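Summary of the model geometry
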Amino acid sequence: MKAYINRILVLLTIAFISIYATPPKPVSKPTTYVDITTRFGTMKVKLYDETPKHRDNFIKLVKQGFYDSLTFHFVGPDFIAQGGDPKSRYATEDSVIGDSDLGYKIPAEINPTLFHKYGALVAARDQNPTLASNASQFYLVRGKRFTLEQLMKIEDYKSQRIKSDILYTLMQSDTAKARMEDFTLRGDKEGMKAYVASFQPVAENLFNRRGPYRFTSHQVQEYTSIGGIPPLDSGYTVFGEVISGRYIIDSLCSQPTAKNGRPLKDIRMKIRISKK
């Protein structure tokens, strides 16, 4: 009987704890900051948690000391300062820099709330269809201020690009390719023309469902006040921003360059995890 009562007490205790005990709070990963140092000073950069693949890859390379002594190999006034090419560490004056990588890419993490404002940290990439990023190369955005009228023109341009992309995607289906190949083999130009035209209303309907490209009020505020490069939005992964020392980007981008945009005097970098 005593053993039975003890068992009941244990079960009641477990039930009581399960009902009234406070569940543990999920542990959130603290935001990571890095310091990017050049001869012009140190910039403190916040890495976005919304882009975890890019964040974690960048942190891994920083901890390995990968970026130490690499250079900013391309700079342009009112544009960007790009670096991180592994070849730049030992590049000579006549070396071509900017075309190498680490043998793998980072899947795109394009987020419409993260954009190309002045001070943005962005992953570079080549012309691949999935917009995947180069594993080591990045750029810092300088850009310029835009007017509302200029932003509206960019919106119109991006909307037209979206329409074109939708149409292109529709015409890349296996069925569409087969039909167009058949028209070509038969030499039926009029049939081909009519078939291609039949995609237009479908593409238009899909575009209308999506809606035209529009900058958010926050983007408009930033682009008209501090500036940036709005035409690049939605094409590259923005994965951080400079929160201190942003003026150093101005120094980087204003350096004299050769015709290929490479600074005449190497701008070497050192990147460390910041204690913030």
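I will try to describe carefully the structure that is included in this document. Worth saying up front: this structure is predicted, and the values here are computed from it rather than measured.

1. Examining the overall build of the chain
Secondary structure assignment for the chain yields eight helices and 10 strands. Relative to its full complement of 276 residues, the chain shows a buried share of 42%. For the chain, restricting intrachain contacts to residue pairs at least 6 apart in sequence, the fraction spanning at least 24 positions comes to 72%. Carbon together with sulfur atoms contributes 57% to the accessible area of the chain, which is approximately 16,400 Å² in total.

2. Brief notes about the packing of helix H4 (residues 174–186) against helix H5 (residues 189–197)
Contact geometry for H4 and H5: axes closest at 8 Å, N-to-C directions at 160°. The angle between H4 and H5 places the two elements in the roughly antiparallel class. Relative to H5, H4 is oriented so that their crossing is left-handed. Touching Thr-175, Ala-176, Arg-179, Met-180, Phe-183 and Thr-184 of H4 are Gly-191, Met-192, Tyr-195 and Val-196, all from H5. Residues of the contact of H4 with H5, tallied by class, amount to six nonpolar, three polar and one charged.

3. A look at the packing of aromatic side chains
Centre-to-centre distance and the angle between the planes together describe a pair of aromatic rings. One pass over the full model with this rule turns up 13 aromatic pairs. When the ring of Phe-215 is compared with that of Tyr-223, the centres are 5.9 Å apart and the planes differ by 75°; the resulting orientation is edge-to-face. Take Phe-215: its relative accessible area is 8%, and that puts it in the buried class. Classification of Tyr-223 by relative accessible area gives buried; the value is 0%. Through a chain of ring-to-ring contacts, three or more aromatic side chains come together here, namely Phe-58, Phe-66, Tyr-67, Phe-72, Phe-138 and Phe-239. Above the face of the Tyr-213 ring, Lys-158 is positioned so that its terminal group lies 5.2 Å from the ring centre.

4. Here we look at the sheet that holds strand S8 (residues 138–141)
Reading across the sheet, the eight strands line up as S3-S4-S8-S6-S9-S2-S1-S10 and stay open at both edges, with antiparallel pairing between neighbours. Pairing within the sheet leaves two strands with one partner each, and these edge strands are strand S3 (72–75) and strand S10 (270–273). Strand-to-strand, the axes of this sheet are offset by a mean angle of 30°, without reference to chain direction. Contacts from helix H2 (residues 52–63) reach strand S1 (33–38), strand S2 (41–47), strand S6 (120–123), S8, strand S9 (238–244) and S10 within the one sheet, and its direction differs from that of S10 by about 110°.

5. A word on the pairing of S3
Alignment of S3 against strand S4 (residues 80–83), held across three bridges, turns out to be antiparallel. From the neighbouring strand, Phe-74 faces S4, where its bridge partner is Gln-82. Following S3, the chain reverses through four residues before pairing antiparallel with S4; Asp-78 in that reversal takes a positive phi of roughly 60°.

6. Focus on H4
Taking 1.5 Å per residue, 13 residues should reach 18 Å; H4 reaches 18 Å between its end C-alpha atoms and fits that length. Among the structural elements, helix H3 (148–171), H5 and helix H6 (199–210) are those in contact with the buried residues of H4. Phi for Gly-187, located one or two positions after H4, is positive at around 70°.

7. Focus: the environment of Glu-155
Here Glu-155 is to be found in helix H3. Residues Glu-155 and Phe-215, spaced 60 residues apart in sequence, show a C-alpha to C-alpha distance of 7.2 Å. Apart from the residues lying within four places of it in its own chain, the contact partners of Glu-155 are Tyr-213, Arg-214 and Phe-215.

Conventions adopted
Residues numbered from 1 in each chain as written. Predicted model: local features only at pLDDT ≥ 70, side-chain atom pairs only at ≥ 80, totals over all residues. Heavy atoms only, no water. Helix = DSSP H or I, 4+ residues; strand = E, 2+ residues; numbered from the N terminus. Buried < 20%, exposed > 50% of the residue type's maximum accessible area, 1.4 Å probe, protein only. Contact = heavy atoms within 4.5 Å. Areas by Shrake-Rupley, 256 points an atom, 1.4 Å probe, with all protein chains shown as cover. Axes fitted to C-alpha atoms, helices over the stretch in contact; angles between N-to-C directions. Parallel < 35°, antiparallel > 145°, perpendicular 65-115°, else oblique. Left-handed = near helix turned anticlockwise from the far one by under 90°. Nonpolar A, V, L, I, M, F, W, Y, C, P; charged D, E, K, R; others polar. Phe/Tyr/Trp six-rings, centres within 6.5 Å; stacked < 30°, edge-to-face > 60°. Lys NZ or Arg CZ within 6 Å of the ring centre and 35° of its normal. Pairing = 2+ DSSP bridges. Expected span 1.5 Å × (residues − 1).

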